[in-house]
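Tertiary structure, described
Chain by chain, the residues run as shown.
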Amino acid sequence: MALDLVAGDDQRIASLRAAHRAVEAVDGGKRASWLALGASALPAAADKPRYLRQMPAFSGDVLDPKQSHGDLLLQITGASPRAVRDAAERTLRGLPQWQVRWRVEGLRPESRTENGRGLSRNPFHFTEGHGNPATPAGTIERVVITADHGEPAWAIGGSYQVIRIIRLATGFWDHDTLHEQERIIGRRRNGRWLDGTPSTEQPAFAADPHGTTTPLDAHVRRAAPDRRNPPPMVRRGYNYQRDIDDQGLIFSCFQHDLAHGFEAVQTRLQGEAMARYTLTVGGGYFLVPPPGAAWLDALLRK
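An account of the accompanying structure is given in this report. (Residues numbered from 1 in each chain as written. Predicted model: local features only at pLDDT ≥ 70, side-chain atom pairs only at ≥ 80, totals over all residues. Heavy atoms only, no water.)

1. Observations regarding the sheet that holds strand β6 (residues 117–121)
If you walk across this open sheet you meet the three strands as β5-β6-β7, and the pairing is antiparallel. Each edge of the sheet is formed by a strand with only one pairing partner; in this case those strands are β5 (112–114) and β7 (127–128). Relative to β7, β6 runs antiparallel, the two sharing two bridges. If you follow R121 over to β7, its bridge partner there is T127. (Pairing = 2+ DSSP bridges. Helix = DSSP H or I, 4+ residues; strand = E, 2+ residues; numbered from the N terminus.)

2. As for helix α2 (residues 81–93)
The terminal C-alpha atoms of α2, which comprises 13 residues, lie 18 Å apart, in line with the 18 Å expected from a rise of 1.5 Å per residue. For α2, every residue scored as buried is listed here: V84, A87, A88, T91 and L92. Looking straight down α2, one finds its buried side chains confined to an arc of 130°; they lie on one side. Among the exposed residues of α2, those oriented more than 90 degrees off its buried face are R82 and R93. Each element contacted by the buried residues of α2 is listed here: β1 (2–5), α1 (12–25), β2 (31–37), β3 (72–78) and β4 (98–102). (Expected span 1.5 Å × (residues − 1). Buried < 20%, exposed > 50% of the residue type's maximum accessible area, 1.4 Å probe, protein only. Arc of directions from axis to C-beta. Contact = heavy atoms within 4.5 Å.)

3. Quick notes on the environment of P209
Along the polypeptide, P209 turns up in the loop between α5 (178–185) and α6 (219–223). What makes P209 exposed here is its relative accessible area of 51%. With near-sequence residues (within four places) excluded, P209 lies in contact with L216 and R221.

4. Regarding the pairing of strand β11 (residues 278–288)
Burial within β11 is extensive, with nine of its eleven residues counted as buried. Summarising the sheet, strand β8 (residues 159–168) and β11 pair through ten bridges and their orientation is antiparallel. Bridge pairing in β11 links Q161 to F286.

5. Looking at the nonpolar core
Membership of the largest hydrophobic core comes to 62 residues, with the highest contact counts inside it found for L37, L72, W154 and F262. The dominant element in this core, judged by the number of residues it contributes, is α1, at six residues. In this structure L72 touches M1, A2, L3, L16, A19, L35, A36, L37, G38, W98 and F286, once residues within four positions along its chain are discounted. By size, the runner-up hydrophobic cluster in this structure holds 13 residues, among which are A2, I165, Y238 and F286. (Core = buried A, V, L, I, M, F, W, Y, C linked by side-chain atoms within 4.5 Å.)

6. Focus on the environment of G131
Summarising the element assignment, G131 is placed in the loop between β7 and α3 (140–143). Sequence spacing of G131 and L119 is twelve residues, and the spatial spacing of their C-alpha atoms is 9.7 Å. Sequence-distant contacts of G131, that is, excluding residues within four places in its chain, are made with R187, R227 and R235.

7. Notes on the pairing of strand β9 (residues 234–243)
Two strands pair when backbone bridges link them, and β9 and strand β10 (residues 246–255) are joined in this way by nine bridges, in the antiparallel orientation. Its bridge partner lying in β10, N239 is registered against L249. Here β9 folds back onto β10, and the loop between the two strands holds two residues.

8. With respect to the pattern of salt bridges
Within the structure shown, the criterion is met by 13 salt bridges. In this structure, E110 and R121 form a salt bridge, with 2.7 Å as the shortest nitrogen-oxygen distance. Pair noted here: E110 is in the loop between β4 and β5 and R121 is in strand β6, with a separation of eleven residues, a long-range link. Owing to a relative accessible area of 47%, E110 belongs among the partly exposed residues under this scheme. A salt bridge links R242 to D246; the shortest N-O distance between them is 3.0 Å. With relative accessibility at 37%, the residue R242 sits in the partly exposed group. One continuous salt-bridge network, built from bridges that share partners, spans R167, R242 and D246. (Salt bridge = Lys/Arg side-chain N within 4 Å of Asp/Glu carboxyl O.)

9. Re the packing of aromatic side chains
Summed over all chains, the structure comprises eleven aromatic pairs. Their ring planes at 75° and their centres at 5.6 Å tell us that Y51 and Y160 sit as a pair that is edge-to-face. Linking Y51 in the loop between β2 and β3 with Y160 in strand β8, this pair joins segments that are 109 residues apart in sequence. No difference in accessibility class separates Y51 from Y160, as the two residues are buried. These aromatic residues form a ring-pair network of at least three members: F124, F126, F172, W173 and Y277. Here the guanidinium or amino end of R108 rests over the ring plane of Y238, the centre of that ring lying 5.9 Å away. Lying across the ring of W193, R187 places its NZ or CZ 3.7 Å from the centre. (Phe/Tyr/Trp six-rings, centres within 6.5 Å; stacked < 30°, edge-to-face > 60°. Lys NZ or Arg CZ within 6 Å of the ring centre and 35° of its normal.)

Everything listed here is a matter of coordinates, which is why it stays silent on function.
As C-alpha cells, then:
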C-alpha cells in the first residue's frame, strides 16, 4: 500500500520515524515488512537518490493516479491473508499522519523454492521466478546500492523497488492454445525452455537467430536476450483479483540502478507478443532505505 503524508512539512521526519517504528513492530516471525520512500517523501533539502522520481508511463501503460505513486510504500508479507491484513490494520492505526493512497492485496499460489529460486504460479498458469539469480549467490550485488554508485551516503545499503499493477486479460489468454501461450512467453509452463534446455540452465538464443524455436518477440527473449548476462535486478510477482474484470499481477523488482535494471528491460519489452494481454494501471518508483534508522538521522541533519 502507498501512503501520502497529511501532516505538515515540519513533521515530515517525525512522521517518517513513526512509520519506520510501525513497520518494525510487525516485522518478524512469519511476517516480513518494510517501507520504501517515494520521491515526494524526502525533505526538500535532502540529497536525492539518482533515480528516485515518479514512475513514468511506458508504452501501452494507462496509469491511474489513484493507483500510482505515493510518498511512502508499505509492504507486508506473511503466511496467511488474515495475518497480513491484521498487521496492515495495526500499522495504519499507528500512523495518523498518513493516509492510504492505494492498496492492493496479492497471493503467490504454489509458492516454493527450487534450486535457490522463489517460484509461484502466475495468473497465466505459468511458473515464474526461474529468471532470478539463485539465493544467496548473485542476489545482493544485483540489488543493493553501494558507495561506488554515486548515490547519497544515507541511501547506501538500500535498493530501488519498482511496483507495477498489471491488469491481465486472462479470459483472452485462456482462449489461446498452450502451444501459442508457450511461444508468447518463451518457456514451457513448468519453466523449461522451448529448445529443451532445463529451467536451471541457460538457452542458446544465439543458435536460434531467426526465432524459429523461441520467437524474437517472446517475453523472456525480449526481457533478457543474453541470458548469461541477465539484467541486474531481482523480481517477484503476486497475483491479485479485485473482481472478474480486474485481476492480474503485482510485479515487484529490486535493483541498485533503475536505468540498467527495470527501465532497460521495460524498453526491450516494447512490441513483445504478450503486450496485447497486459495493461499496467498503477505502481511507482520507491527506494527501500538501508537497514536500521541511521538514514533517518542523516535526513534530520539536512
